[in-house]
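So you can see what is in the structure, the chains are spelled out below.
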Amino acid sequence: MVDVAQLTALSTGQSADSLSQILVSLTSIDEKLAVSNDRLERLVDATVNTQNSINEQARSLSGILHEIIIRRFDELPAEVMASKKFKEEIEKLKEEILGDVRKLYPARPSPPTK
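Residues numbered from 1 in each chain as written. Predicted model: local features only at pLDDT ≥ 70, side-chain atom pairs only at ≥ 80, totals over all residues. Heavy atoms only, no water.

### Observations concerning the overall build of the protein chain
Helix and strand content of the protein chain: two helices and zero strands. Expected size for 114 residues packed as a compact globule is a radius of gyration near 13 Å; at 35 Å, the protein chain overshoots this value by more than 25%. C-alpha extents for the protein chain along the principal axes are approximately 120 × 20 × 15 Å. Within the span of the protein chain, comprising 114 residues, buried residues form 11% of the whole. Contacts in the protein chain between residues far apart in sequence, at least 24 positions, make up 74% of those at least 6 positions apart. Surface exposure of the protein chain reaches about 9,500 Å², of which carbon and sulfur atoms provide 61%. Charge centroids of the protein chain, computed over 15 positive and 18 negative side chains, lie 9 Å from each other. (Helix = DSSP H or I, 4+ residues; strand = E, 2+ residues; numbered from the N terminus. Rg over C-alpha atoms; globule rule 2.2 N^0.38 Å. Buried < 20%, exposed > 50% of the residue type's maximum accessible area, 1.4 Å probe, protein only. Contact = heavy atoms within 4.5 Å. Areas by Shrake-Rupley, 256 points an atom, 1.4 Å probe, with all protein chains shown as cover. Lys, Arg positive; Asp, Glu negative; His and termini not counted. Charge placed at Lys NZ, Arg CZ, Asp CG, Glu CD.)

Right, dumping it as structure tokens:
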């Protein structure tokens, strides 16, 4: 027969083996999570950079469109703009077009840097 001391030693050995196996599994999980976190961080950084680029392009396009529209209206011949009523309507049209451009390409604030 096996005495209590032997059973305790056997049980302790098995517990140590089980704990060792659990520790190996947890270490493996931790390593995989670290790799996943690194990939996720790179993905977030790439997404932020892409959004910043899109925002900058939209701001640039909005500015370019504003300049073109204003210049084209300002280049209208003086004889066309001689009528005060016509000139007012042209200015109104210009402002409506510029408003539409602002709606399509709103100025987006730059995101804070890390």
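### Let's talk about the nonpolar core
Counting residues in hydrophobic clusters, the biggest one holds six residues: Ile69, Phe73, Met81, Ile90, Leu98 and Val101. Of all the secondary-structure elements, those providing two or more residues to this core are α1 (4–74) and α2 (84–104). Among the elements that make up this core, the one with the highest residue count is α2 (three residues). Not counting the four nearest positions on each side in its chain, Met81 is found in contact with Leu76, Lys87 and Ile90. (Core = buried A, V, L, I, M, F, W, Y, C linked by side-chain atoms within 4.5 Å.)

### Section: the side chain of His66
With respect to the secondary-structure elements, His66 resides in helix α1. Judged by its relative accessible area of 17%, His66 falls in the buried class. Filtering out sequence-adjacent residues up to four positions away, His66 remains in contact with Leu98, Val101 and Arg102.

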